[in-house]
Amino acid sequence: GTPGPSQLQIFQRQDKKPTMKYTPIALLLATAASSSASMAPHRMTHASLKSSPAASTTPLVDALHTTGLVAVTSVAGLSESKAGMLSNLPGCIADVESSSSVKVATAVLPDGTVRKSFASSAGPDGVTSSIKTVDDYLSSSAGRASSPSCEAFSSYADSFRAAVGRATSDFAGRLSSELGGSLPAPLVTASSGKAYGTVSDVVSGGTHLEHFHSYSKPVASGEEGETIELHTDQGLFIAFTPGLVVGSSEGEGTGLSGGFHVRDAEGRRTTVNFDEEDDLVFMIGDGANSLINERLGDKDGSKVLRATPHALSLPASDGARVWYGRMVLAPADLDGDRQALIERVKNGGAAKGVGCSGPDMTAIINSARELEADEEGHDYSGNGCAEDELYCWFRCQKLSDFGFAEGLTSENACLVSESKKLRFLEGNESDAGVAELKCVNPRLQVHPTGKGHGDYYPVCTTNSPETHPVTPYPAIEQQNEEVCDLASWEAFSNQGDYEHKVDLTQPDTENFDGSVLEGDETHLLYTVKDGKLHGRIVTDQVFGWLAFGLGNIGGKHNGMNGANVILAAPGPHATYSAATGLEVTDSQDPSTGSVAGYKIHEADSSFRHWAVPVTPDLADVSFEFDGCHTALTFEVDEINGQGFNFDGIDTLIWGANSQDYFVGYHGPTNRMIFDLDWGNGEILARSIDVTGEAPADEEVAETDAEKDDHDHSEHEHDAEKEDHDHSEHEHETDGKVEVPAGSEPLEVEEESAASSKVSFVGLVAAGAAVFLH
């Protein structure tokens, strides 16, 4: 269960630790490219899946934590019906296509492979819908005339889908059992008040989208490359059958198809070797991050489920590769945006609106338009955007959401019009006809494809990816280990006479880019006296920003959004710009920095959305930075008018950044939300994000290899649209940064590549979220 105060791991400093052990993902990719790794999936029999795990063992969670997938064998009633159903799928599709009354969903994939699909769904509690395309055909005059393939397909499908439903239910039950007390009870409560007690309850209450795919890639096509790029699936998890190849000649049987690859936890591209015993494979998707991983109470992260990045490469063949998948979505009252998608599938259409984003990002739902989609409907092409949209930040962004006049399209948005509702970064109408619609971040840097993760939005600009490429923030000089040693830390951290000392150090964790981040030692020291909190937060890291405050119970991101906090920064808050960061003259001089009370925006986490302090001048609050370590000292009885509950328990929050001066992302080890009993100084609960994932507002400077290998295996985000939508750019600072929601022209002084402050490649946060995003 969730550890109590006496069970919490104590972090003791044995020697000086570096801030970050960095293994660049490009290095991992290079290693993967030079090897041909392969693996067999972890296997469990259906009978063992239904049984209770032995005491203190979690074989299913262990497999899903390590690789993100498990193959289930010996599923009763599945093997024979699977072979019968899938072997008749290509013939049934051909018969349906011969009819002019019923259409088959068809897509041409990047390597020339043609995919034809039937679709259906299973509703809450396992109630299955018909496979509408097949039923419509069989009820037509053409279908009634003669279609043995469709008759056989339909007959086998009934028993097959029932067997998959039973196995899915048993998988969810076993997962609930093994996760046990590591998850809260209830697991999640909908806005309607309905509680879902366990993972099993969420799975049985959700809609399951089903696809029956037939892939063909004729030898004469001559196309090469990946059929489906590396991606992770949208949804909690997917249950699928290993692909089978159906021969083109009559009488030919089926055989296993190869070409299924995953990226393992070490970044290697690995071929998965399924065999004929693997009846059904369960693979974790992005939805598990927000509904399971973010709610875990395991201290060491050993139960975090890994969303598996995977890809498909098919050789040219005269046969067809056939495949079945069932994607498990959250219940409707937990994610209403999916309902249009679900209705589409129930009506026989393929789930083209389910779109995965880019590296380490959650999947995106966009049911308002058609998307070019891969195997499970992920949009990588950007070619499916409507004419009034731009493909930017792994989605089609509607121009009118970003200050453009209604009715403007990507073709005419940058042309001068009488309405003047245009956006010129340089504010020069003479550039009309030269400026082009681009996907730009607050630093005016242009993403070349829109397939980048960060705070991006459409603007008209003469900037280009060549003159203003996406780059990381300038880095803060880190600790000198010869000076910043154990003795200096102990002297700094033990200043003052306080009654309580609370350990806030976070465990080491793998970052979303594959690097290992070590938790910097951090403590809260405090005494409650005369109705005031006399406190000091000390952290063993250099000073980018440091904050402490009261969590917003019920707010987004575990109570981060809407929280009232005290935030110290090494530069004046009035000089902050999302384009240039803080103006820092001397980070060790408190007189040149600032400490103020802020309220984090209820929806948008980037600092630029809440950079104007609620309480600009705070008495009895100060910060200290000695070149090695940072402290925030305070004597307060409230923050922004919100008082403390010194007679009981408060939900508290802290965060820090030691990497840059942009008030950016805290990183997975420099933040925490926790419940503190003021009387005894004990932490009652820790809500820890142990997935090491990037925030929605973070920029990633991708290598060429990464651009082709997008994965989001370890990324924490709500699947809600508003978490990834920055249509509410509320204010403008010095005409340099913000993209206001209004539609008047935005004048921004552009920075040339030569004069840019950013000149190295790496990973940083641009307009990044702070605290728990």
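Scroll up a little and you will see the structure.
Residues numbered from 1 in each chain as written. Predicted model: local features only at pLDDT ≥ 70, side-chain atom pairs only at ≥ 80, totals over all residues. Heavy atoms only, no water.

Novice: Help me understand the sheet that holds strand S14 (residues 260-263), please; the structure alone is not making it clear to me.
Specialist: Strand pairing in a sheet is mediated by backbone hydrogen bonds. Such pairs are either parallel or antiparallel. Overall, mixed pairing links the 5 strands, which are arranged S2-S15-S14-S17-S10 in an open sheet. Looking at which strands have only one partner, the edges of the open sheet turn out to be strand S2 (37-39) and strand S10 (228-231). Between one strand and the next, the sheet's axes are offset by a mean angle of 30 degrees, whatever the strand orientation. The sheet contact formed by S14 and strand S15 (residues 269-272) spans 3 bridges and is antiparallel. The partner of Arg263 across the bridge, within S15, is Arg269. (Pairing = 2+ DSSP bridges. Helix = DSSP H or I, 4+ residues; strand = E, 2+ residues; numbered from the N terminus. Axes fitted to C-alpha atoms, helices over the stretch in contact; angles between N-to-C directions.)

Novice: For this particular structure, what's the right way to read the packing of aromatic side chains?
Specialist: A complete count under the given rule lists 23 aromatic pairs for this structure. By the ring-pair criterion, three or more aromatic residues cluster together here, those being Phe118, Phe153, Phe160, Phe212 and Tyr324. Over the ring of Phe662 we find Arg443, and its NZ or CZ is 5.9 Å from the ring centre. For the cation-ring pair, Arg536 lies above Phe492, with the distance from its terminal atom to the ring centre recorded as 5.1 Å. (Phe/Tyr/Trp six-rings, centres within 6.5 Å; stacked < 30°, edge-to-face > 60°. Lys NZ or Arg CZ within 6 Å of the ring centre and 35° of its normal.)

Novice: Would you take a moment to explain the sheet that holds strand S29 (residues 532-539) for this structure?
Specialist: Ordered in space as S25-S28-S29-S34-S33, the 5 strands form an open sheet in which the pairing is antiparallel. For this open sheet the edge positions go to strand S25 (500-503) and strand S33 (621-625), each flanked by a neighbour on one side alone. When strand polarity is set aside, the average angle formed by the axes of neighbouring strands in this sheet is 15 degrees. Packing against the sheet, helix H12 (residues 486-493) makes contact with strand S28 (522-529), S29, S33 and strand S34 (630-636), and its axis sits at approximately 170 degrees to S29. (Contact = heavy atoms within 4.5 Å.)

Novice: Help me understand the environment of Asp503 in this model?
Specialist: With respect to the helices and strands, Asp503 occurs in strand S25. Sequence separation between Asp503 and Thr522 is 19 residues, and the spatial gap between their C-alpha atoms is 6.4 Å. A distance of 2.7 Å separates polar atoms of two side chains, one belonging to Asp503 and the other to Thr505. (Polar contact = N/O pair within 3.5 Å; in protein donor to acceptor, adjacent residues only side chain to side chain.)

Novice: Which parts of the structure should I look at to understand the nonpolar core?
Specialist: Nonpolar side chains in soluble globular proteins tend to end up buried together. Of all hydrophobic cores here, the largest spans 61 residues; its most connected members are Phe118, Phe153, Phe171, Leu175 and Phe282. Per element, the largest residue contribution to this core is 11 residues, and it comes from helix H8 (residues 148-179). (Core = buried A, V, L, I, M, F, W, Y, C linked by side-chain atoms within 4.5 Å. Buried < 20%, exposed > 50% of the residue type's maximum accessible area, 1.4 Å probe, protein only.)

Novice: Help me understand the pairing of strand S5 (residues 105-108), please; the structure alone is not making it clear to me.
Specialist: In regular strands, side chains alternate between the two faces of the sheet. Where S5 lies against strand S6 (residues 114-122), 4 bridges are found, and the strand directions are antiparallel. Residue pairing in the sheet places Ala107 in a bridge with Arg115 of S6. Counted between consecutive antiparallel strands, the loop separating S5 from S6 contains 5 residues, among which Gly112 sits at a positive phi close to 95 degrees.

Novice: Honestly, helix H3 (residues 59-66) in this entry has me stumped. Any pointers?
Specialist: Counting along an α-helix, one turn takes 3.6 residues, and residues three or four places apart therefore face a common direction. Residues Leu60, Val61, Ala63 and Leu64 constitute the buried set of H3. On an axial view of H3, the arc spanned by its buried residues comes to 160 degrees, and they lie on one face. (Arc of directions from axis to C-beta.)

Novice: So what exactly am I meant to see when it comes to the state of the cysteines here?
Specialist: Each disulfide consists of a covalent bond between the sulfur atoms of two cysteine residues. A full pass over the atoms with the stated rule returns 4 disulfides. Here Cys392 is linked by a disulfide to Cys439, with a sulfur-sulfur distance of 1.9 Å. Around the S-S axis, the bridge from Cys392 to Cys439 shows a dihedral of about 75 degrees and counts as right-handed. Placement of the pair is Cys392 in the loop between strand S21 (389-391) and strand S22 (396-398) and Cys439 in strand S23 (residues 436-440), with a sequence separation of 47 residues. (Disulfide = S-S within 2.5 Å.)

Honestly, that's just the spatial picture; any functional story needs more than this.
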